[in-house]
Every structure is written in structure tokens, then in C-alpha cells.
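Chain by chain, the residues:
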Amino acid sequence: MRTRPGTLEPRPAVRAVRRVAMPRLLDETLTSGLHLVAVRRPSVPMVEVRLCVPLGAGLVRHAAGPLVLTGAVTAGTAHHDRAGLADAFERLGGALDAALDDDVVSLHAFGLATALPTLLDLMNEVLTSATYPAEEVRAERDRTADEVIMDLSRPESQASEAFRVRLYGHHPYATPTPRPDALRRVGAASLRAMHARIFNPRGAHLIVVGDVATARVARLVEERLGPWLASASVGVAPLAPLPPVVPGGIELHDRPGALQSNVLVGGAAPRRTDPQWPATALANLVVGGMFTSRLVENLRERHGYTYSPHSDVHHARPGSTVIVAAEVGSAVTAASLVEIRYELGRAASLGVSDEELEGARRYAIGSYLIRTSTQRGLAATLAAYVTSDTPASLVFEHPSRIARATLDDVNTAAREHLGPGSLATVIVGDASLVEPTLRALDQVTTPSP
Amino acid sequence: MAPRASRQILERTTLGNGLRVVVAPDHASPLVGVAVVYDVGFRSEPPGRTGFAHLFEHLMFQGSAHVAKMEHARLVEGAGGVFNGSTRSDLTTYYEALPAGALDLALWLEADRMGAPAVTEENLANQIAVVEEEIKVNVLNQPYGGFPWISLPELAFDTYPNAHNGYGDFTHLERATVADAVAFHARYYAPSNATLAVAGDCDPDDVVALAERYFGSIASGRAPVAGPWSEPAPREERRRVIDDPLAPQPAFALGYRTPDPVGDLSHHLAYVAAASVLGDGDASRLRARLMHHDHSVTDLGCSIGVFGGDSLMMRDPALFQVVVYHPDDVSTDELTTTIHEEIARLGTDGCRPDELDRVTAAFAGGFWQGVDSVNERAIMLASLETIHGRAGLLDELPDLLGAITPAAVAAAAADLASQHTARVEIHPTPDGGAS
């Protein structure tokens, strides 16, 4: 169809971009054992502060306590109740929230850059005097239980939990989301004890990004978080590495009445510190990590099987994992798996083209610039690196590492990490609809719930 | 502690064909955000064609006169950029964030599809299938799918533009033809019905010259008049119950009317402040009382607009909504009564000046975080230019909100308390949810 002609001009070339100086990175471990990472980014008059604390294996396996703690840590301090604390942060143009992701508890605060001393004072207050009022804890654990019930009712949550168990076997990372009954047993006294154990400055990472000079950040942190820093004790032991993935077969989880199936295919990937990581990142982009990837072109644009197929690499302390995910119509579940395995196998056996690689390379560098251009984005990226035991400086080396990977490197990475022969498959869907056809493709196991 | 609003440089101009151009240079990073916003959304789509505005947004990514299928994505990503589109009540937005050297390319791509998207039978059938899978992911296969953004307007409004489901019925989507797409494009995708905004590492004179070069030759067309969509408020309480076999616990949403966000902006902003005093953050009244004192709700929030907080990017009418998730042993009626009591109390007793200071400071912080991203900034500028006729409103918003008085917030709450509300309830069915 043509309603009007398009533009009359020829397609313009893309010009080279001016080089930006790498920002000065403050990256040091204080005498208390706190790892401080700071970057001055004056794009807006704000500041981001993230405190990230890795958990030991015991708490990763028994995450009910840490999960309730993230809701209850802001429930009151020696000087503020919950509403008062929220109010104090909002008056600084910001907020404070806590979260548990995999094996890391984090406190995330932001506000006006000029308010950094007060932000740190308030964080110190939470860290040294959170009270965990009994009644608030009771309410919080019930609310957390309700939230978990809600989360587990989502098909993507069911699928990712099943996939963790499938991939990681007996490793703490295979632990399912804490169940409501375990959450409802968490008591205030245990949270108070756990608070000191979790928020230990030794081994914790503090990331500060904003319109504040790094020398001032370092001084303010020592000064304003001083009381908390004095509480350092022995750090947590590292987690065992992730076990090798046992590839093959299809593990099918029944979700009666499901309109779509969640298809997950994945396995081990190199860590960010691994010399093979940049090439693997590029191979993953070509296969399913960007819109112009083979999986999107095939499953979405050619077949209309799914809205948004994608392939991502998830990095954590004990190892990294590549995961291809798609939510596909029930009737085309088997057909979608055929196409996913085909695309993975094609990349692993035939490699990628020079043109695909160069497109992925420019995308990797440009999208990295975009992701790290905001204070929040840069702080989140630095946090993701340091909490997966990757030096913060590698954040800024990412573009040059990506620039150096060769076609051979990328094809080797695709063969070693993306081939269906080394990956596991989990599908959550209506078994009565999808199982017969899946059995025609591969061995199907249906674990009892 | 409230920060000053920014006073960024803003260049505004209108090309001969009616395309509005807004440029906000900022050299903090070597990136540009490009947004093209069309003055069309769910509310403009024809009856019998629900979901068409969103389906058409998908078609705009299927190629154009000089761009093959998938090539738009390939060129943007291959230049190191990211892109997406979105369809809302009144606006359809396309954006790219890219390294600054790809600005010309982004403008060329947007101009080519503004001029002539390539809609074929094959692309249309493919994208109908993709949109249906999108609706399954986000609505049909999801607990609380479409709640409350689809279900609350259906109950709270009577006229088709405001009340219908913007994702669309599958029967309507499947009936869409290439001829529909041609007509829709001709009517709504003219330069005179669009705004281009560029933010980031660029020179305003260059951008205006490039806009002229790439978009200048596109015939003007006649911009359709959007709306008015206003309709009388309900004269009675409205209730609707939706059984959701996937939902693990009950939820409900209350809808109230607000003043016109465009014609009566300062009055409308008093309702924005009231929403924040009542239900935004743990310091807000309803969250402090129902979540943290009575422990009777799992989650609660107040906002205005269809997607929560987007009321400045739409025309009248915009709904003030209270959205609540709660355990099933708590009564919906009792919660509703308490919420009405709190709203009425804000109306009669007013709010403390320091409550408003909190709201103003939090709003300003959120403002700065938003404009830290070049594409967010470009989208907000283009949206405000389209809806309010002035992109400069973006920079004025923190001050405008800061000027709202406690008396104005009290008056807003008194009005809310006097209204007949629409209440959509989600009831989990007995076998629903997780074990």
C-alpha cells in the first residue's frame, strides 16, 4: 500500500561518534571491609546509592527470612516509623527500597545530590537501628506470602522456577521461591538477628553514582556510615560453583488450561571475567539477544508463534547461564521448539555471518552506552558486575572487549555454548494439548509436582 | 529542599507541512533520543475495529517505501540504537535512542514510514498473529490481565471512544484489512498530526535542517480533530465483578472523574497532588492506614490516567483510580468505605503544608530521573507538545505542582468524595491461583 511517497532523500550514512573520556572510577575496599565504588555523573542533580550484600549458602537455601526482611527493614528505626522513613526520603526527592535478587539483598536509595549526607545518615539509621516491630513483621510476612502466591500464579514465574531446579540440581540456586507457610513462620526476633548477619559491611558493595565528586563520596561514606561500618564482622563464604548442566530431553510441567506454553532452553555460559565472554555475548545477540536476531525473525516475524522471543545471559556469583525464552501459542509449542533448536543448532554448526557479527557488535556497544548513560542505569550496571564477582572496571572496558572479538571467536563461542546438545529444555503448558507432539521430537519427562 | 526546575534550551518550530519539531540539546552523553508522536490512540479507532491503533503501530515496523521488512530494526540496532513503539489512549509513540552519529539515519527512517509504510496482506496477517500472542501474554494467560486498564474504563465510561478495549477483540483484529490500514494512515499519520522531538547530543539548527530535508517533502494532509471525548459523569454507583480463575486473591479498582488535564491543567494538578497524598508511597495516607496500620490490604496505589500516572499525556476524561489488592477475608465494601472516609477527611480537614512539600519534592526527584534518559526526555517533550501544544510544559511541571495549595488539594478531595464511583472487582474462582 502507498498513501504517499516515502522520503525523497537517499539513506544517510552513520557518522562516527565523538569519543567520551572514561569516567574516573573510585574502586576501593575500606578498612571496614566495605567495597566502595563511585562514579561522578553530573547529568542531572541527583545521586543513586546502592548497597548490595551477598548472602551465604544457608540464607540462599532458606530465603524466607531474607525475603520478609526486605519488606520489614524499612518498617521502623530508632527514630522513624515506616511512614516517617518514607516521608524523610521523599523530602530529599527520592526513596528507599530493599530487594532480594537471587543471592543478593540490596538497599537502593536515591535523591537530590545535595542531600547525599542526609541520605547516608538515613541509610545508617536503617542499617544500625532497624527495629522490626513485631506487629509490622507479622503483617509484612503475611503480605509477602500473598505476594509470593501472586507471583507463583504467573506462568513465567512457574517456568523460571522449574528451570532453576532443572539446571542447578542440588546447588543452593535451585532452591524454589520460599513458600507461604515458611514465610508465615518468620518471626521478629529472627529478623533482628538476621539483620546483623546480612548487613555486614565486610563483603558488602556500596555503589554511588551521581552529581557528586568521588572524593566527597568517599569522605561522606566514612563519616556518615561510620557507626554501621564499625559493626563489621567475618564475611560470608563464597558459594560453590554452579554444577555442570545435564543436557537433553524435554521436561514438561502441566498447567491445565494454559493458552500459551512457556518454553525455556538454556545452559552454562562464560562469566564476564572469562576471555570468551565478549564473543559469547555477541553470539547470543545474533541468535536471540536483540530484535534483529534469528529467533525474533523466525518465531515472531516469519511464523507469528510468539510476541517476544529472546535469549539472555544471566550472571551470578557462582556462574553464568544462557536462557532462551518464548511464550508461544499452545498449538505451536512443538513447532516453536523445533525452530528454537534449529536456530541454536544452525549458529553452533555454521556460525554467524560477518554482517550479522558487525551489526551485533555495533548494537552491543551502542546499547551499552545507552544503558549506562543515566545515573540509575550506570549504578545498576556497576551493581550487577560487582555482585557477580566481576571488577567494576570491566564495566568501562566492555566496549573495547566487544570491539576485539573476532568472527572465529564468536563462532567458537556459539559452538561451545549455544548448541542444543549442551542445553536443557523446560516447557510449562497444557500437557493434554502439547505432550503428544513434543513426544514426537524428544524424550519427555513429566516430574510430579 | 525542593530543587529548582530545569530550564533547558528548547527549540520549537513547525515545518511548512505542519510537522512540529522540538529540540532539546544536552551534551552529557554522545547519544540522541528521537521520538515521533502521532495524535492518535485507542480513542480514535473506528467502531468495529477495536485494537486497530495498536495493530497499526506494529505495521509501522514492517517496512516502508525504501525500507524492507526487518530493515528498520536492523538499521537502528546496527547503528547501536534501541527502539520501540507504544499506543495509548490519545497518542502513538515511536522512539529510538542512538549514538549521536545515527541521528540522520533515525530521522530518515521515521520520515520514510511517515510517508509510506509498506503494508501487505502477508505483513498484516503476521502482525495480527503477533498481536494476539501479545494479548495472550499480557491479558488472557495472566492473573489480573488487563486490570484495571481495560476493565475500569469499560465500566466507568459509556461512550465507545473512552470505554472500549484498546487491545481489541480478536474478531475485530482478524477482520482488519490492508484498505483499513491505508485509510488509517492517510487520516492520522500526516505530518500535521505529528510531533518530532530530538533530545541529547545535537545542535538545534542542524536538527531543524535535517527535519526539513527528510520530512519536508511529505504532503501535509489535513490533521483530524481529536475528540472531544468528554462525557457526563455517572449518575449512580457502578459495580462489575470479573471472575479470574488465575488470580490468587481479590482486587478492586475505584474510578473517579477529574478536571480536564488540558483545558484546566492547574485544577487537574490538584488531583495529581491529592493522588500522591492519598496513595503514592508508604508515607501516603491510604497506604499508611490500610497497608501498614490496619494490615488489611496487600497493595494499594492511587494515580490518574489509563496506565497510572499518564494523565498529562492524554485529553479529558482521565480517571482518578485507587487500585487495591487484598486478602479474601477482608471485605471489599469495608475497604471501599474506609477509602471514601479518608478521601472525605482530606476534603474536610485538608492536608498539612508539609505533606504537600513531600509530594512536591518526590515529584521533582522523579522528574529529574525521567529527563536523565534522552529517549524519555524526547518522548515526554513530543507528547506534551502534541497534547498541550507546548513542550516547554515539561520543565514547568515541578514548579506548577509546587504551586498547588493545601486548599486546592482539599477541594479536589471534596469533589472526589462527592462522586458516584465505578468499582471493578476481581474475584478469584475457587480452583484458581497457586497452591
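Here's a quick rundown of the structure.

1. A few points about the packing of helix α14 (residues 354–371) of chain A against helix α2 (residues 71–78) of chain B
Two numbers describe how α14 of chain A lies on α2 of chain B: the axes approach to 7 Å, and their chain directions differ by 60 degrees. As the angle between them shows, α14 of chain A and α2 of chain B are arranged oblique. Taken together, the residues of α2 of chain B that come into contact with α14 of chain A (itself represented by G359, R362 and Y363 of chain A) are R74, E77 and G78 of chain B.

2. Here's the deal with the interface of chain B and chain A
The interface is formed by 77 residues belonging to chain B together with 70 residues belonging to chain A. Broken down by secondary-structure element, the contributors of at least two residues to the side of chain B that touches chain A are α2, β5 (92–99), α3 (103–115), α4 (121–140), α8 (178–188), α9 (204–215) and α13 (353–371) of chain B. Tallying contributions element by element places α13 of chain B first for the side of chain B that touches chain A, with 9 residues. Classifying every residue of the side of chain B that touches chain A gives 43 nonpolar, 22 polar and 12 charged.

3. So, the sheet that holds strand β7 (residues 250–254) of chain A
All names here are of chain A. Spatial ordering of the open sheet is given by β9-β10-β8-β11-β7-β12, a layout of 6 strands whose pairing is mixed. Because the sheet does not close on itself, it has two edges, and the strands there are β9 (310–316) and β12 (444–445). Summarising the sheet, β7 and β12 pair through 2 bridges and their orientation is parallel. Pairing of I250 across the sheet is with V444, part of β12. Packed on one face of the sheet, helix α11 (residues 277–289) meets β8 (260–269), β9 and β10 (319–329) and runs near 145 degrees to β9.

4. So, helix α3 (residues 82–91) of chain A
In terms of residue burial, α3 of chain A counts as a mostly covered element, since 8 of its 10 residues are buried. Contacts from the buried residues of α3 of chain A go to β4 (95–101), β5 (104–112), α4 (116–129) and α5 (134–152) of chain A together with α13 of chain B. Where α3 of chain A ends, the next residue or the one after it, G93 of chain A, has phi of about 75 degrees, a positive value.

5. Re the pairing of strand β6 (residues 194–200) of chain B
Along a regular strand, successive side chains alternate from one face of the sheet to the other. Residue and element names in this part refer to chain B. Counting buried positions along β6 gives 7 out of 7 residues, so the element sits mostly inside the fold. The pairing of strand β2 (residues 20–25) with β6 spans 6 bridges and is parallel. Each residue of the ladder has a partner; that of R20, found in β6, is T195. Here strand β3 (residues 31–38) pairs with β6 via 7 bridges, running antiparallel. Residue pairing in the sheet places G33 in a bridge with A199 of β6.

Analysis parameters
- Residues numbered from 1 in each chain as written.
- Chains lettered and ligands numbered in written order.
- Predicted model: local features only at pLDDT ≥ 70, side-chain atom pairs only at ≥ 80, totals over all residues.
- Axes fitted to C-alpha atoms, helices over the stretch in contact; angles between N-to-C directions.
- Helix = DSSP H or I, 4+ residues; strand = E, 2+ residues; numbered from the N terminus.
- Parallel < 35°, antiparallel > 145°, perpendicular 65-115°, else oblique.
- Contact = placed C-beta atoms within 7 Å.
- Nonpolar A, V, L, I, M, F, W, Y, C, P; charged D, E, K, R; others polar.
- Pairing = 2+ DSSP bridges.
- Buried ≥ 20, exposed ≤ 12 C-beta atoms within 10 Å, placed from the backbone.

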